[in-house]
Amino acid sequence: MADEHNVSPIFDESPRIPEVLPVLPLRDVVVYPYVILPLSVSREKSLRAVDTALVENRMILLLSQRQTDQDEPSANDLYTVGTAAIIMRVLKLPDGRIRALVQGIQRVRVEYFTETEAVFKAKVEPITEPDVPTSLELDALMRTVKQTLEKAVALGKNLSQEVLVIAANLDAPGRLADLAASNLDLKPPQLQEVLEIGHPVQRLKRVHELLMREIEMLEVQQKITMEARGEMDKGQREYYLRQQLKAIQNELGETNELAEEIQGYRDKLAKLTVPEEILTEIERNLKKLERMHPDSSETAVTRTYLEWMTEMPWGVQSEDNQDLKKAEAVLNEDHDGLEKIKDRLMEFLAVRKLRPDLKGTILCFVGPPGTGKTSLGKSVAKALGRKFARVALGGVHDESEIRGHRRTYVGAMPGRLVQALHQVKTMNPVIVLDEVDKIGRDMRGDPSAALLEVLDPEQNHTFRDNYMNVPIDLSQVLFLTTANELDPIQPAFRDRMEIIHLNSYTLEEKISIAEKHLIPRQLEKNGVTTEQVAFAKSGLKALIQGYTREAGLRQLEREIGSVCRKVARKVAEGKLEKKFTLTDATIQDLLGPIKILPDERLKAPRVGVVTGLAWTSTGGDVLFVEALKMPGKGGLTLTGQLGDVMKESAQAALSYIRSRGDAFGIEAKLFQEQDIHIHFPEGAIPKDGPSAGLAMATVLLSVLKGIPVKNTYAMTGEIDLRGEALAIGGLKEKALAALRLGIKDIILPHSNLKDLEEIAPEVRSKLRFHPVKHVEEVFELALVKWTRPDKNQRTKKSK
């Protein structure tokens, strides 16, 4: 094969050609007479052919292959016209290859091959060129060819000055044709075609045709280069190359990718019912894109914008399911218990059935983690037959997350609401705004304020996302929100929602939900069956009480999954001999010692210790209130990481006790000479709220009078300076906490009697509730052998 076309014609007389010559097959190259060319030889037959020629007379026949990809060509794979050449110089390389410098001598035709095994040898007949008389036409042809070669150089053709000088001095048309052909970028079949033309004038005419085609290509290339360079910024080589590619595609008649892309956007719009104002904005951007350069940064921004605009589900709405019985069945199938919640949802769906165009209330599910708030949203979507999308707002502190970023920013995107619509491909989905109580706020704006427009039925039909910059109708979207607590929610934001509280689950509700939902789900997830593992009620009860403490069900599901995984391992290892049943007796064998020790109530009445009840975000809890008195100057010390509201409640309780000191038989000097220390155990946990007021007043009187507090009572309630018992929240959770501790008597404010209906009847039947209006009623119930000092006087006044 050839390394390069570095040619130099030789004008010496041609030596005599032997009748039989060794043959060197060539790939990708054709050698002409009087041309010197370096060749690289590596094939075995070719190496033997070179050796044979060197031994005999240094002459060899150069034949081109018909198929360049054949490594071992046969005699039939070689052309029959080639060039007899002489080997001028040979260089053997370390890897066994040979570099040979050859010079073409004369065209020859192969009559037949005399040898084809170890080496190709062929009987050849020289092709003699006829003498051509000089004529005006021939002179004009030769002059044209020479001028065309010069023009090719002027257009950028890479020809050495030596070639032009030799061409200018040539008088033989055949040699001029060979010189010109050997310096054109022709394919091997075209080069072979020129080689096989024996008549010099005909050969020169054919070369002239090929040369003119080369000139046309060079002119087009120069035009492409000039067009691209006119639009190119200096120093941007890549940009220049892309412009060249574009110009080449235009010259070849290939289609414009940008035009195809724009047509694709129009095809998408044709399938949608796009509002007029939005369609106008899209068309404006499409026309703008048509005038842009395809590789500019602004084009990429506009493309991204049009992709969002044309992929939005304009005018697409799913049909609502109007079958309320089916909707109720869906809610009952997905959720156990929550009867009040499901009744409210059914009322909500019934109103939407009667008034489909009603701008309804936004429902906000508030409750501890794991109580099924988000899954309720999924069930509502399933019951209505709508698509469901969840937008997580926990930790969001940038208004742009709701309204989107303006397109002037790098990497700008629409807000989360537009992304949700884009995801579900419908304009009337159910969207759950999750964890709205955990929305942040900083110098970048307040996402809660942005949501005011979203959740207002009078405004959200023209919601404008900063990125989309067109009015988007959100009035058909059913928004539901979830939160763990109401206090962090902005008041104006809270005012737009109807609050539905989800309380903690009772033990019986957890067992029922586990049997109907959690256990089947974990069995399927972990690849075990009911024939391999079973959960007895005693085992579930032990699992709930000894391994979880939560208002919801997440930890319970994790523990059930742990049981299933351990059984799955035994099944996979072949160690499960019989069906494993989880009971209170076998649970520790599988899960180890219990993780949560049960709270223990006080074993006997004690002075200065009261059992209080508290509400936390994970459910109810028991809170012991301890107090001591010691010599001092009448100070009050509060410990246990208490909040400001709780500290103020303690001051109010102490003030009331001091104001009634004479009636309670407490000497006034005692408040001057004794310090009081109130402590709430578990000091690492922050505590706040007013509901421990009654408990703190009771513990203060107990420690000042030295009267024990009954260990069978737990209490909750706020106190004011008059000693009135004020209402509190979270009564259901607090009642469950008392029952878990084994306390059956609960003291609560009288105004909380209405909340007893929230407590399940099976739980209510196990407890005794003592409503009180005044703190001294609490003293009478909770303190051992204590009677109100002015009870008779108060009774007379009331009559």
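Located above this text is the structure these notes cover.
Computed from a predicted model, the values in this text were never measured in an experiment.

S.K.: Please explain the side chain of Ser-40 as it appears in this structure.
M.R.: Note on placement: Ser-40 falls in strand 2 (residues 36-41). Among the polar contacts made by the side chain of Ser-40, one reaches the side chain of Arg-97 at a distance of 3.0 Å.

S.K.: Explanation requested: the sheet that holds strand 8 (residues 388-392) in the structure shown.
M.R.: In sheet architecture, strand pairing relies on hydrogen bonds along the backbone and comes in two forms, parallel and antiparallel. The strand order 8-9-12-7-13 describes an open sheet built from five strands, whose pairing is parallel. Only two strands of the sheet have a single partner each, and these edge strands are strand 8 and strand 13 (497-501). Between one strand and the next, the sheet's axes are offset by a mean angle of 25°, whatever the strand orientation. Strands in contact with helix 12 (residues 339-354) are strand 7 (362-366), strand 12 (478-483) and strand 13; relative to strand 7, the strand with the most contacts, it is inclined by about 170°. Contacts from helix 13 (residues 373-384) reach strand 7, strand 8, strand 9 (430-434) and strand 12 within the one sheet, and its direction differs from that of strand 12 by about 165°.

S.K.: Help me understand the environment of Ser-538, please; the structure alone is not making it clear to me.
M.R.: With respect to the secondary-structure elements, Ser-538 resides in helix 19 (residues 537-547). Taking the relative accessible area as the measure of exposure, Ser-538 reaches 30% and is therefore partly exposed. With 27 residues separating them along the chain, Ser-538 and Ile-511 place their C-alpha atoms 9.7 Å apart. Apart from residues lying up to four places away in sequence, Ser-538 is in contact with Thr-583 and Asp-584.

S.K.: When you look at helix 18 (residues 507-526) in this model, what are you seeing that I'm missing?
M.R.: An α-helical turn contains 3.6 residues, so any two residues separated by three or four positions project in the same direction. With 20 residues, helix 18 should reach 28 Å at 1.5 Å per residue; the first-to-last C-alpha distance of 25 Å falls well below that figure. When helix 18 is considered as a whole, its buried residues turn out to be Glu-509, Lys-510, Ile-511, Ser-512, Ile-513, Ala-514, His-517, Leu-518, Ile-519, Gln-522 and Leu-523. Buried-residue contacts for helix 18 involve helix 11 (324-334), strand 14 (533-535), helix 19, helix 20 (554-573) and helix 26 (731-741). One or two residues past the end of helix 18 sits Gly-527, with phi positive at roughly 75°.

S.K.: How should the packing of helix 2 (residues 136-154) against helix 4 (residues 173-182) be read in this particular structure?
M.R.: When two helices pack together, their arrangement is captured by the angle between the axes and the distance separating the axes. In contact at an axis separation of 11 Å, helix 2 and helix 4 are set at 20° when each is read in the N-to-C sense. In terms of their interaxial angle, helix 2 and helix 4 are classed as roughly parallel. Between helix 2 and helix 4 lies a crossing whose hand is left-handed. Residues Leu-138, Met-142, Val-145, Lys-146 and Leu-149 of helix 2 form the contact with helix 4, whose own contacting residues are Pro-173, Leu-176 and Ala-180. Partitioned by chemical class, the residues of the contact of helix 2 with helix 4 number seven nonpolar, no polar and one charged.

S.K.: Where do I start with unusual backbone geometry in this structure?
M.R.: Glycine aside, a negative phi is what most residues show, and trans is what most peptide bonds show. Here the phi dihedral of Lys-425 falls at roughly 60°; this positive angle occurs in a residue that is not glycine. For Lys-425, a relative accessible area of 39% puts it in the partly exposed group. Even without being glycine, Lys-785 reaches a positive phi, approximately 55°. Among the structural elements, Lys-785 can be located in the loop between helix 28 (775-782) and helix 29 (791-798).

S.K.: Please clarify how the nonpolar core should be interpreted in this entry.
M.R.: Where a protein is soluble and globular, its nonpolar side chains tend to be buried together. Counting 52 residues, the largest nonpolar core has Leu-433, Met-468 and Phe-479 as its most contacted members. For this core, the element with the most residues is helix 15 (residues 416-424), which contributes five residues. If we skip the residues at most four places from it in the chain, Leu-433 touches Val-391, Leu-393, Leu-417, Leu-451, Leu-455, Phe-479, Leu-480, Thr-481 and Thr-482. Grouped together as the second largest cluster of nonpolar side chains are 48 residues, Leu-376, Leu-480, Val-567 and Leu-591 included.

S.K.: I keep staring at the packing of helix 12 against helix 13 and nothing clicks. Help me out?
M.R.: Close contact between helix 12 and helix 13 brings their axes to 12 Å; oriented N to C, the two are set at 35°. Classified by chirality, the crossing of helix 13 by helix 12 is right-handed. Touching Ile-341, Leu-345 and Leu-349 of helix 12 are Leu-376, Val-380, Ala-383 and Leu-384, all from helix 13.

S.K.: Mind showing me how you'd approach the side chain of Lys-732 here?
M.R.: Within the secondary structure, Lys-732 sits in helix 26. One buried charged residue, Lys-732, forms no salt bridge at all, with the nearest opposite charge on Glu-509 at 4.1 Å. In this structure Lys-732 touches Asn-503, Ser-504, Thr-506, Glu-509, Glu-758 and Ile-759, once residues within four positions along its chain are discounted.

S.K.: Quick question: what am I supposed to make of the layout of surface pockets here?
M.R.: The gaps left among the atoms become clear once a water-sized probe is rolled over them. Looking at the second largest pocket, its volume works out to about 690 Å³. What lines the second largest pocket is a set of 28 residues, and nearest its centre among them are His-335, Gly-370, Gly-372, Ser-375 and Arg-521. Counting only elements with at least two residues in the lining of the second largest pocket, the list comes to helix 13, helix 18 and helix 20. For the lining of the second largest pocket, the element with the most residues is helix 18, which contributes seven residues. When the residues that make up the lining of the second largest pocket are grouped by side-chain class, the tally is seven nonpolar, nine polar and 12 charged.

S.K.: Any chance you could explain the packing of aromatic side chains here in plain terms?
M.R.: Within a pair of aromatic rings, the relevant descriptors are the distance that separates the centres and the angle that separates the planes. Counted by the stated rule, this structure contains five aromatic pairs. Looking at Lys-45, its charged tip hangs above the ring of Phe-120, at a distance of 4.3 Å from the centre.

S.K.: What is the right way to look at the pattern of salt bridges in this model?
M.R.: Counted under the stated rule, the structure contains 38 salt bridges. Between Arg-403 and Glu-453 there is a salt bridge; the shortest N-O distance is 2.9 Å. A residue pair is termed long-range when its members are at least 10 positions apart, and Arg-403 in helix 14 (residues 400-403) and Glu-453 in helix 16 (residues 447-454) qualify at 50 residues. In this structure, Arg-403 and Glu-453 share a single accessibility class: buried. Sharing partners across several salt bridges, the network here consists of Arg-107, Glu-129, Asp-178 and Arg-203.

Scoring rules and cut-offs
Residues numbered from 1 in each chain as written. Predicted model: local features only at pLDDT ≥ 70, side-chain atom pairs only at ≥ 80, totals over all residues. Heavy atoms only, no water. Helix = DSSP H or I, 4+ residues; strand = E, 2+ residues; numbered from the N terminus. Polar contact = N/O pair within 3.5 Å; in protein donor to acceptor, adjacent residues only side chain to side chain. Pairing = 2+ DSSP bridges. Axes fitted to C-alpha atoms, helices over the stretch in contact; angles between N-to-C directions. Contact = heavy atoms within 4.5 Å. Buried < 20%, exposed > 50% of the residue type's maximum accessible area, 1.4 Å probe, protein only. Expected span 1.5 Å × (residues − 1). Parallel < 35°, antiparallel > 145°, perpendicular 65-115°, else oblique. Left-handed = near helix turned anticlockwise from the far one by under 90°. Nonpolar A, V, L, I, M, F, W, Y, C, P; charged D, E, K, R; others polar. Core = buried A, V, L, I, M, F, W, Y, C linked by side-chain atoms within 4.5 Å. Lys, Arg positive; Asp, Glu negative; His and termini not counted. Salt bridge = Lys/Arg side-chain N within 4 Å of Asp/Glu carboxyl O. 1 Å grid on protein atoms, 1.4 Å probe; cavity = no way out; pocket = protein on both sides within 12 Å on 5 of 7 lines; lining within 4 Å. Points joined across faces, edges and corners; volume = space filled by probe spheres on them. Phe/Tyr/Trp six-rings, centres within 6.5 Å; stacked < 30°, edge-to-face > 60°. Lys NZ or Arg CZ within 6 Å of the ring centre and 35° of its normal.

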